[in-house]
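One letter stands for each residue in the lines below.
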Amino acid sequence: MGALIVTLDQIVKVLLAPYLQSQPGWQVWVLEPIVKLRLVHNSGFVFGLFSDTAPAWVVSLVVIAAIGAILVVFTRQIESPSLPTRIVFGLTFGGAIGNLIDRFRFGYVIDYVDFGWWPVFNIADSAINISIVAFMVLLLLGRVEERPTAPSPFMD
């Protein structure tokens, strides 16, 4: 799942960024006035927090540390992850790696989906946000780990 997110995220960015740079204001309406594609270079953290205030290497270091922390939780705290949990973590890693590639290549993340009332985002951001909500649902339902198979009452 993670590789699919990284690939899709990077392909869309490679195709969309030059197109949007050729448009007036680096934007184009998709469904006016609801959603437009608008090229934004996000040098900050989530939702552009601290843009242009923290050096790119600091932001990248924090992102790498967060990926490492998630990896530790996934590999050491969850003994037998369920299939939905593995998919959720794939979404998280794919999104984080997709944006990290941008940070290493450009020093910022390429964002492009703009609803006007929400910060501009991309496929990688969507994968991360969806994975966070999905993980919370899995936690609430007690479905993070595979349930141990109970022995059959009909066995000798």
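Just above sits the structure.
Rules used in this analysis
- Residues numbered from 1 in each chain as written.
- Predicted model: local features only at pLDDT ≥ 70, side-chain atom pairs only at ≥ 80, totals over all residues.
- Heavy atoms only, no water.
- Salt bridge = Lys/Arg side-chain N within 4 Å of Asp/Glu carboxyl O.
- Helix = DSSP H or I, 4+ residues; strand = E, 2+ residues; numbered from the N terminus.
- Buried < 20%, exposed > 50% of the residue type's maximum accessible area, 1.4 Å probe, protein only.
- Contact = heavy atoms within 4.5 Å.
- Axes fitted to C-alpha atoms, helices over the stretch in contact; angles between N-to-C directions.
- Nonpolar A, V, L, I, M, F, W, Y, C, P; charged D, E, K, R; others polar.
- Expected span 1.5 Å × (residues − 1).
- Arc of directions from axis to C-beta.
- Polar contact = N/O pair within 3.5 Å; in protein donor to acceptor, adjacent residues only side chain to side chain.
- Patch = residues over 30% accessible without salt bridge, like charges linked within 9 Å, V, L, I, M, F, W, Y side chains within 5 Å.
- Areas by Shrake-Rupley, 256 points an atom, 1.4 Å probe, with all protein chains shown as cover.

Summed over the entire model, instances satisfying the criterion amount to three salt bridges. A salt bridge links Asp102 to Lys13; the nearest nitrogen and oxygen atoms lie 2.6 Å apart. Here Asp102, found in helix α3 (residues 83-106), pairs with Lys13, found in helix α1 (residues 2-21); they are 89 residues apart in sequence, far enough to count as distant. The pair Asp102 / Lys13 is uniform in exposure class, with both members buried. A salt bridge links Asp114 to Arg38, with the nearest nitrogen and oxygen atoms 2.7 Å apart. On the criterion of sequence distance, the pair formed by Asp114 in strand β3 (residues 109-114) and Arg38 in strand β2 (residues 35-42) is long-range, its members being 76 residues apart. For Asp114, a relative accessible area of 4% translates into the label buried. Each of Asp9, Lys13 and Asp102 takes part in a single network of salt bridges with overlapping partners.

Let's shift gears to the environment of Val59. For Val59, the location among the structural elements is in helix α2 (residues 56-77). Look at Val59 and you get buried, because its relative accessible area is 0%. Between the alpha carbons of Val59 and Gln23 there is a distance of 29 Å; along the sequence they are 36 residues apart. Setting aside anything within four residues of it in sequence, one finds Val59 in contact with Ser43, Gly44, Phe45, Ala54 and Arg103.

On to the packing of α1 against helix α4 (residues 123-141). At their nearest, the axes of α1 and α4 sit 8 Å apart, and the two run at 145° to each other. Of the residues in α4, those touching α1 at Ile5, Leu8, Asp9 and Val12 are Ile123, Ala124 and Ala127. By residue class, the composition of the contact of α1 with α4 is six nonpolar, no polar and one charged.

Right, let's get into α4. Between its terminal C-alpha atoms α4 stretches 27 Å, which fits the 27 Å expected from 19 residues at 1.5 Å a residue. Every buried residue belonging to α4 is among Ala124, Asp125, Ala127, Ser131 and Leu138, and all of these are buried. The buried side chains of α4 occupy one side of the element, clustering within an arc of 160° when seen end-on. Structural note: α4 exposes Ile130, Val133 and Leu140 on the side pointing more than 90 degrees away from its buried face. Residues of α4 that are buried make contact with α1, α3 and β3. For α4, the side-chain oxygen to backbone nitrogen distance between the N-cap and Ala124 is 2.9 Å, and the N-cap itself is Asn122. Following α4 by one or two positions, Gly142 adopts a phi angle in the positive range, close to 70°.

Below, the discussion takes up a nonpolar patch on the surface. On the surface, Val30, Leu31, Ile34, Phe115, Trp117 and Trp118 cluster together into a nonpolar patch covering about 660 Å² of accessible area. Turning to its location among the elements, Trp118 is positioned in the loop between β3 and α4.

Geometric descriptors of this kind do not, in isolation, establish any biological role.
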